[in-house]
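# Examination of the molecular architecture
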Amino acid sequence: MRASAPDIVSTDPVLVLTVDPPSSIRCVGTLDGVIGHHLVDAVDELLEARPPTISIDIEKLRLADSDAAAPLSEVQRRAKQAGTTIHWHGVGADHLRQAPDLGYRGSLTAA
């Protein structure tokens, strides 16, 4: 191993999704526009069961850049189309500062 290579143990995960079917996802790490499709794909799988609500915990999620908001908007859009309500948990001031206006009434729950 080269001396300049980062120690994998000390590196934060890019994105870890913990899916608890039928209607819960916990997001930890950093979300960006490149890997955001993994969150969208996980929500799509939950939507197949047609749950009335899906809870998404983003308390420990960081948005890497402005493109990171696009997957969150897409999740909200797909849930609305399926007739499912998204309950966002752990939404803090930092999340709200960077989140887009989704144009959809959802439920925000602080942890």
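Let us look at the structure shown here. (Residues numbered from 1 in each chain as written. Predicted model: local features only at pLDDT ≥ 70, side-chain atom pairs only at ≥ 80, totals over all residues. Heavy atoms only, no water.)

## So, the pattern of salt bridges
In plain terms, the rule: Take a side-chain nitrogen of Lys or Arg and a carboxyl oxygen of Asp or Glu: if they are within 4 Å of each other, that pair is a salt bridge. The secondary structure listing takes helices from DSSP runs of H or I that are at least 4 residues long and strands from runs of E that are at least 2 residues long, numbered from the N terminus. Only protein chains enter the accessibility calculation, which uses a 1.4 Å probe. A residue is then buried if its area is under 20% of the maximum for its type, exposed if over 50%, and partly exposed in between.
On inspection of all chains with the given rule, the structure shows three salt bridges. In this structure, Asp-44 engages Arg-78 in a salt bridge whose closest nitrogen and oxygen atoms are separated by 2.3 Å. With Asp-44 in helix 1 (residues 37–47) and Arg-78 in helix 2 (residues 69–82), this residue pair connects regions lying 34 residues apart in the sequence. Overall, the relative accessible area of 25% leaves Asp-44 in the partly exposed class. Relative accessible area serves as the criterion here: at 28%, Arg-78 is assigned to the partly exposed category. Arg-78 is the salt-bridge partner of Glu-74, the closest N and O atoms lying 2.6 Å from each other. Here Glu-74 and its partner Arg-78 are both found in helix 2, four residues apart, which amounts to about one turn of the helix. When salt bridges with common partners are traced through the structure, they connect Asp-44, Glu-74, Arg-77 and Arg-78 into a single cluster.

## Digging into the pairing of strand 1 (residues 15–20)
Short version of the rule: Strand pairing is defined by DSSP finding a minimum of two bridges between the two strands.
Both strand 1 and strand 2 (residues 24–31) contribute to a ladder of six bridges, which runs antiparallel. Residue pairing across strands places Thr-18 opposite Arg-26, the latter belonging to strand 2.

## Focus: the pairing of strand 4 (residues 85–89)
Note the threshold: With strands facing away from the observer, any crossover in which the path from the first strand over the helix to the second runs clockwise is taken as right-handed.
A one-sided burial pattern is seen for strand 4, the buried positions being Ile-86 and Trp-88 and the unburied ones Thr-85, His-87 and His-89. Direction of pairing for strand 3 (residues 53–63) relative to strand 4: parallel, over a ladder of five bridges. Residue pairing for strand 4: Asp-57 is matched across the bridge by His-89. Note that the unit made of strand 3, helix 2 and strand 4 has a crossover that is right-handed.

## Looking at the environment of Leu-72
Locating Leu-72 in the fold gives a position in helix 2. Under the relative-accessibility criterion, Leu-72 is labelled buried at 8%. Between the C-alpha atom of Leu-72 and that of Gly-36, which follows or precedes it by 36 residues, the distance is 8.1 Å.

## Here's the deal with helix 1
Filter applied, for reference: Here the arc refers to the set of directions running from the helix axis out to each C-beta atom. Only heavy atoms enter the contact rule, under which two residues are in contact if any of them lie within 4.5 Å.
Listed as buried for helix 1 are Leu-39, Val-40, Ala-42, Val-43, Leu-46 and Leu-47. Buried positions in helix 1, seen along its axis, are confined to an arc of 160 degrees and lie on one side of it. Along its buried surface, helix 1 packs onto strand 1, strand 2, strand 3 and helix 2.

## Here we look at the nonpolar core
Heads up, the condition is: Residue types Ala, Val, Leu, Ile, Met, Phe, Trp, Tyr and Cys, when buried and joined through side-chain atoms within 4.5 Å, form a set referred to as a nonpolar core.
Of all hydrophobic cores here, the largest spans 23 residues; its most connected members are Leu-31, Leu-39, Val-43, Ile-56, Val-75 and Trp-88. Per element, the largest residue contribution to this core is six residues, and it comes from helix 1.

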